Amino acid sequence: AQSVAQPEDQVNVAEGNPLTVKCTYSVSGNPYLFWYVQYPNRGLQFLLKYITGDNLVKGSYGFEAEFNKSQTSFHLKKPSALVSDSALYFCAVRDIFYNQGGKLIFGQGTELSVKP
Amino acid sequence: EAQVTQNPRYLITVTGKKLTVTCSQNMNHEYMSWYRQDPGLGLRQIYYSMNVEVTDKGDVPEGYKVSRKEKRNFPLILESPSPNQTSLYFCASSSGGRNTGELFFGEGSRLTVL
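The structure displayed is predicted, hence computed values, not measured ones.

What counts and what doesn't
- Residues numbered from 1 in each chain as written.
- Chains lettered and ligands numbered in written order.
- Predicted model: local features only at pLDDT ≥ 70, side-chain atom pairs only at ≥ 80, totals over all residues.
- Heavy atoms only, no water.
- Helix = DSSP H or I, 4+ residues; strand = E, 2+ residues; numbered from the N terminus.
- Rg over C-alpha atoms; globule rule 2.2 N^0.38 Å.
- Buried < 20%, exposed > 50% of the residue type's maximum accessible area, 1.4 Å probe, protein only.
- Contact = heavy atoms within 4.5 Å.
- Areas by Shrake-Rupley, 256 points an atom, 1.4 Å probe, with all protein chains shown as cover.
- Buried area = accessible area lost by both parts, 1.4 Å probe.
- Salt bridge = Lys/Arg side-chain N within 4 Å of Asp/Glu carboxyl O.
- Polar contact = N/O pair within 3.5 Å; in protein donor to acceptor, adjacent residues only side chain to side chain.
- Nonpolar A, V, L, I, M, F, W, Y, C, P; charged D, E, K, R; others polar.
- pLDDT = per-residue confidence, 0-100.
- Pairing = 2+ DSSP bridges.

## Some points on the overall build of chain A
(1) Moving on: Counting its regular elements, chain A contains zero helices and twelve strands.
(2) Moving on: Taken from N to C terminus, the helices and strands of chain A fall in the order β-β-β-β-β-β-β-β-β-β-β-β.
(3) Moving on: Its C-alpha radius of gyration of 14 Å places chain A within 12% of the 13 Å reference for a compact globule of 116 residues.
(4) Moving on: On the principal axes, the C-alpha backbone points of chain A span a range of 45 × 30 × 20 Å.
(5) Moving on: Counting across all 116 residues of chain A, residues that qualify as buried make up 51%.
(6) Moving on: Across chain A, contacts joining residues at least 24 apart in sequence account for 58% of those joining residues at least 6 apart.
(7) Moving on: Surface summary for chain A: the accessible area is close to 5,400 Å², and the carbon and sulfur share equals 48%.

Listed below in structure tokens is the structure:
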């Protein structure tokens, strides 16, 4: 069965400090992995994805994520957090062998709060 | 501007009164999907469509219907809404293939069923 876990409901960091939002996954085949961000009263926006290749993926707004197959993790990172990064972040996985039309499985979401 | 448009954005209704949430995308995307977002549960897929006239159930389809008569539109129908369908609903689309998963989301429709 496919699943995604975001172990932290909330992450608090000070502006200028590095941030990490954690994600682990479980799939039967090879994963496609995604991060989305949701600002208040808005829809989700695509940040970045991993399909194959380099384990370090760079995305929008200075975010990056590291794919670790042995730890089945795909943590989102940013070297220097901004107050404007405060939002709800979702990790998602697609099992490329799962035949239900490329459905994404989303984690529960992690609320990131960046304080000045 | 590329976008997914949902209407209404906010709706309060009563149990049993049929309603439709419309969704339209202007990107010529083949794949469209409906999700509901509930606190602590993340997003759960209700229905999806791979192309015109092709729809299939997601994880939580009970109480919902969809149709895909045109490529751009994918309405969500609640024939007899119940309070447990109070939620935030998102429509999403993508171009499919290797890009499936890069979803474009609408702004959301917050539905309250009394």
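## Describing the interface of chain B and chain A
(1) Moving on: In this complex, chain B contributes 25 residues to the contact, which on the side of chain A involves 23 residues.
(2) Moving on: In total, about 1,900 Å² of surface goes out of reach between chain B and chain A, with carbon and sulfur atoms giving 48% of it.
(3) Moving on: Seen at the junction of chain B and chain A, the total is two salt bridges.
(4) Moving on: Summed over the shared surface of chain B and chain A, the number is four residue pairs in polar contact (both at pLDDT 80 or more).
(5) Moving on: The set of elements that each furnish at least two residues to the side of chain B that touches chain A consists of β4 (31-38), β5 (42-51) and β9 (87-94) of chain B.
(6) Moving on: Broken down by element, the side of chain B that touches chain A gets its largest block of residues, five residues, from β5 of chain B.
(7) Moving on: A per-class count over the side of chain B that touches chain A returns ten nonpolar, nine polar and six charged.

## Brief notes about the confidence of the model for chain A
(1) Moving on: For chain A, per-residue confidence averages 91 on the pLDDT scale, and residues scoring 70 or more make up 93% of the total.
(2) Moving on: Looking across chain A, the model is least confident in strand β11 (residues 105-106) of chain A, with a mean pLDDT of 89, and most confident in strand β2 (residues 10-14) of chain A, with 98.

## Topic: the sheet that holds strand β7 (residues 65-66) of chain B
(1) Moving on: Judged by pairing direction, the sheet is antiparallel, and its four strands sit side by side in the order β1-β3-β8-β7 (chain B) without closing on themselves. The open sheet has two edge strands, β1 (4-7) and β7 of chain B, and neither has a second partner.

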